[in-house]
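The residues making up each chain are set out below.
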Amino acid sequence: MTQDELKQSVARAACEYVAAHLPRSAILGVGTGSTANFFIDAVAQIKQRIGGAVASSEATRARLEAHGIPVLDLNAVIDEGREMPIYVDGADEIDANLAMIKGGGAALTREKIVAAVAGKFICVCDESKLVTRLGKFPLPVEVIPMARAQVARALVALGGEPRLRAGVITDNGNIILDVHDLAIRDAILLEARINQITGVVTNGLFAARGADVLLLATPNGVKTLKAAS
């Protein structure tokens, strides 16, 4: 199977999961990226079951709206006391504890916000993304532009090699530093340490709030892994 075929198979599995577990007319959180796009296309077939979606990026918003799925403002959802039982998104890397690196699509901050609100985070990816230890994929860090140099210096002190992602501005108007060669031994601790650097908006480690369920596409079908309780 090609990688796109694997992504399509896991997107269909995620759609089936939503159909089985999302209460009718409930709100669905939707991530960003190529696998998330396949999921949006699949979930459009059951859009009558969904009360609306919260998008993690402007690109996701546009794709949802193109399918006629109403996109809701997260603040309004919370202010109205409504819940978002499920958030579906991909990962650039994920380990056996369902901690992830995300942000290859530069939507990490909004993805982290939506994930924080969701009842369950369902990660969808192909088996190439499952790793023994996080860190081969460079860690994205969203940074306020005026803080680029000093944040980069702090990331070097942590043992990484930060590189500016050229030509990329996030939906929040910020820049991305991709940090190479980080030794990620304690993902939760490193996530917190990087977020404490002044000028950092957030980083792409999703460890303090990892996935609850991983739907993993393989040539032999989609496997379901759950986080340890």
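As the structure is a computational prediction, the values presented were derived from the model and not from experiment. (Residues numbered from 1 in each chain as written. Predicted model: local features only at pLDDT ≥ 70, side-chain atom pairs only at ≥ 80, totals over all residues. Heavy atoms only, no water.)

Trainee: Is there a simple way to explain a nonpolar patch on the surface in this structure?
Mentor: Among the surface-exposed residues, Ile-144, Met-146 and Val-201 lie close enough to one another that they form a single nonpolar patch of about 310 Å² accessible area. Inspection of the secondary structure puts Met-146 in the loop between β7 (139–143) and α6 (148–157). (Patch = residues over 30% accessible without salt bridge, like charges linked within 9 Å, V, L, I, M, F, W, Y side chains within 5 Å. Areas by Shrake-Rupley, 256 points an atom, 1.4 Å probe, with all protein chains shown as cover. Salt bridge = Lys/Arg side-chain N within 4 Å of Asp/Glu carboxyl O. Helix = DSSP H or I, 4+ residues; strand = E, 2+ residues; numbered from the N terminus.)

Trainee: Explain the pattern of salt bridges to me, please; I cannot follow it from the model alone.
Mentor: A full pass over the atoms with the stated rule returns 10 salt bridges. One salt bridge connects Arg-61 with Glu-58, and the closest N-O pair in it is separated by 3.6 Å. Linking Arg-61 with Glu-58, this pair stays in helix α3 (residues 58–66), spanning 3 residues, or about one helical turn. Assessed through its relative accessible area of 27%, Arg-61 is described here as partly exposed. Judged by its relative accessible area of 37%, Glu-58 falls in the partly exposed class. (Buried < 20%, exposed > 50% of the residue type's maximum accessible area, 1.4 Å probe, protein only.)

Trainee: Where do I start with the nonpolar core in this structure?
Mentor: Burial of nonpolar side chains together is a common tendency in soluble globular proteins. In terms of nonpolar packing, the biggest core is built from 31 residues, with Val-18, Leu-28, Phe-39, Val-43, Leu-64, Val-88 and Leu-215 touching the most fellow members. Broken down by secondary-structure element, the contributors of at least two residues to this core are α1 (3–21), β1 (27–30), α2 (34–43), β2 (52–55), β3 (86–89), β6 (120–126) and β12 (213–218). At 8 residues, the largest contribution of residues to this core is made by α1. In this structure, Val-151, Leu-177, Ile-184 and Val-200 belong to the second largest nonpolar core, which totals 22 residues. (Core = buried A, V, L, I, M, F, W, Y, C linked by side-chain atoms within 4.5 Å.)

Trainee: Would you take a moment to explain the sheet that holds strand β13 (residues 221–226) for this structure?
Mentor: In a beta sheet, neighbouring strands pair by backbone hydrogen bonds and run either parallel or antiparallel. If you trace the 6 strands from one edge of the open sheet to the other, you get β2-β1-β3-β6-β12-β13, paired in mixed fashion. Of all the strands in the sheet, the pair left with one neighbour each is β2 and β13. Averaged over all pairs of adjacent strands, the angle between their axes in this sheet comes to 20°, without regard to strand direction. As defined by bridge partners, β1 adjoins β3 across 3 bridges and the pair is classed as parallel. In the sheet register, Gly-29 faces β3, and the bridge partner there is Tyr-87. (Pairing = 2+ DSSP bridges. Axes fitted to C-alpha atoms, helices over the stretch in contact; angles between N-to-C directions.)

It is worth stressing that arrangement in space is one thing and function is another; only the former is reported here.
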